[in-house]
Amino acid sequence: MTAIHPQPRPHSRIRWRTPITMVILLGILAGGGWWGWKSLMSSSAGPTCTEQKLTNNRLLPKQVVLNVYNGGARAGSAGRVADALKKRGFNIDKVANEPKGNKVDVVALRGATPTAPEMLLVAGQLNQKAQMVGDGRTDHSVDLVIGTGFGSVKIKGIPSVAVKAGTLVCLPVIHTPQPIPSGQNPN
């Protein structure tokens, strides 16, 4: 004989904790999405370059922002090239491996247009002919990508590039680090 045990009755109580948690999390997600979209659309980014007429119609190295990337050369090559060009007055922004991982045979220059004055000035510093690539960038910085066949920069590169009289040139905005006032914590 088996004893029949009464089965427990299902609770008629509704559990509200899970739906309430889901509604709160969805509200936080929607609020974060709204804040992100609002921040993106009202970006306070400053201008990337300013149009100016050049003094004596010459573009100088101190008016060019340069990124030096290693595209297959020996380790440390980009740093050595960047140091040499910094001594000539170029504003070096980034020194790193090529961001997309692309390899270059000798040397490549990327900038706004292949004939932009800043591109010609950087090309005048190199011993080898560079592959000139215009990517339409608006900040008018120049990327120098050195590859396995790159030798070195010229002992004495060109000091400036002539620009047609009256031409407006878009010069990159150069952000110089501001000194920290005495007694203030930088962090």
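The structure under discussion appears in the preceding block.
Heads up: these notes are all about the structure in this document. (Residues numbered from 1 in each chain as written. Predicted model: local features only at pLDDT ≥ 70, side-chain atom pairs only at ≥ 80, totals over all residues. Heavy atoms only, no water.)

## Here we look at the overall build of the chain
To be explicit about the condition: Helix and strand assignments come from DSSP, with helices taken as H or I runs of at least 4 residues and strands as E runs of at least 2, each series counted from the N terminus. Throughout this description, buried means an accessible area under 20% of the type-specific maximum (1.4 Å probe, protein chains only), exposed means over 50%, and partly exposed covers the range between. Pairs of residues are marked as contacts when any of their non-hydrogen atoms sit within 4.5 Å. Only the protein chains shown count as cover for residues, with accessible areas throughout obtained via the Shrake-Rupley method and a probe of 1.4 Å.
Helices and strands together make up the secondary structure of the chain, namely 3 helices and 9 strands. When the elements of the chain are put in sequence order from the N terminus, they spell out α-β-β-β-α-β-β-α-β-β-β-β. Within the span of the chain, comprising 187 residues, buried residues form 30% of the whole. For the chain, long-range pairs separated by at least 24 residues make up 78% of all intrachain contacts whose partners lie at least 6 apart in sequence. Carbon together with sulfur atoms contributes 58% to the accessible area of the chain, which is approximately 13400 Å² in total.

## Describing the pattern of salt bridges
Let me state the cut-off plainly: Here, a salt bridge means any side-chain nitrogen of Lys or Arg that lies within 4 Å of a carboxyl oxygen of Asp or Glu.
Counting across every chain of the model gives 4 salt bridges. Between arginine 137 and aspartate 135 there is a salt bridge, and its shortest N-O distance comes to 2.7 Å. On the accessibility criterion, aspartate 135 (41% relative accessible area) is partly exposed. Arginine 137 is paired through a salt bridge with aspartate 143; the nearest N and O atoms lie 2.9 Å apart. Grouping residues by exposure puts arginine 137 and aspartate 143 together as buried. Here the salt bridges share partners, and the residues they tie into one network are Glu98, Arg110, Asp135, Arg137 and Asp143.

## Quick word on the sheet that holds strand S5 (residues 107–111)
Strand pairing in a sheet relies on backbone hydrogen bonds. The paired strands run either parallel or antiparallel. So the rule is basically this: When DSSP finds two or more bridges between two strands, those strands count as paired. Axis lines are fitted through C-alpha atoms, for helices just across the contact stretch, and the angle between N-to-C directions can take any value from 0 to 180 degrees.
Taking strand neighbours across the sheet as the criterion, the 5 strands line up as S4-S3-S7-S5-S6 in an open arrangement whose pairing is mixed. Looking at the sheet topology across the chains shown, the edges are occupied by strand S4 (91–97) and strand S6 (131–134). For this sheet, the mean angle separating the axes of adjacent strands, direction not counted, is 20°.

## Description of the environment of glycine 149
Along the chain, the position of glycine 149 falls in the loop between strand S7 (142–146) and strand S8 (161–162). For the pair glycine 149 and alanine 73, spaced 76 residues apart in sequence, the C-alpha separation works out to 7.4 Å. Apart from the residues lying within four places of it in its own chain, the contact partners of glycine 149 are Asp105, Val106 and Gln128.

## Considering the side chain of asparagine 70
The cut-off we apply is this: As used in this structure description, the phrase polar contact means that two N or O atoms lie within 3.5 Å; if the pair is within protein, one of them must be able to donate a hydrogen and the other to accept it, and residues adjacent in sequence are counted only when both atoms belong to side chains.
With respect to the helices and strands, asparagine 70 occurs in strand S3 (residues 65–70). Here alanine 73 takes part through its backbone nitrogen, which lies 2.7 Å from a polar atom of the side chain of asparagine 70. Discounting chain neighbours no more than four positions away, the residues touching asparagine 70 are Ala75, Gly76, Ser77, Ala78, Ala96, Asn97, Glu98 and Ile146.

## What to know about helix H1 (residues 17–41)
Under the convention used in this document: To estimate the expected span of a helix, count its residues, drop one, and scale the result by 1.5 Å.
An ideal rise of 1.5 Å per residue puts 36 Å on 25 residues; H1 measures up with 36 Å between its terminal C-alpha atoms. Of all 25 residues that make up H1, 0 are buried, and the element is exposed over most of its length.

## Structural notes on the side chain of serine 141
Among the secondary structure elements, serine 141 is positioned in the loop between S6 and S7. At a separation of 3.2 Å, a polar atom in the side chain of serine 141 contacts the side chain of arginine 137. A distance of 3.1 Å separates the side chain of serine 141 from the side chain of aspartate 139, its partner in a polar contact. When sequence neighbours within four positions are dropped, the list of residues in contact with serine 141 reads Val65, Asn67, Arg110, Gly111 and Pro172.

## Side note on the environment of leucine 126
Tracing the sequence through the fold places leucine 126 in the loop between helix H3 (117–123) and S6. Taking the C-alpha atoms as reference points, leucine 126 and isoleucine 158, 32 residues apart in sequence, are found 9.5 Å from one another. Here leucine 126 is in contact with Val107, Leu109, Leu144, Phe150, Val153 and Lys154, once residues within four sequence places are set aside.

## Concerning the nonpolar core
Threshold: The nonpolar core is taken to be a set of buried Ala, Val, Leu, Ile, Met, Phe, Trp, Tyr and Cys residues, with the residues joined through side-chain atoms within 4.5 Å.
Ranked by size, the top nonpolar core spans 28 residues in total, and within it Leu66, Val81, Leu109, Leu126, Leu144 and Ile146 carry the most contacts. Broken down by secondary-structure element, the contributors of at least two residues to this core are S3, helix H2 (77–87), S5, H3, S7 and strand S9 (168–172). At 4 residues, the largest contribution of residues to this core is made by H2. When neighbours within four sequence positions are excluded, valine 81 is seen to be in contact with Val68, Leu144, Ile146, Phe150 and Val153.

So far we have only geometry, and geometry alone does not tell us how the molecule works.
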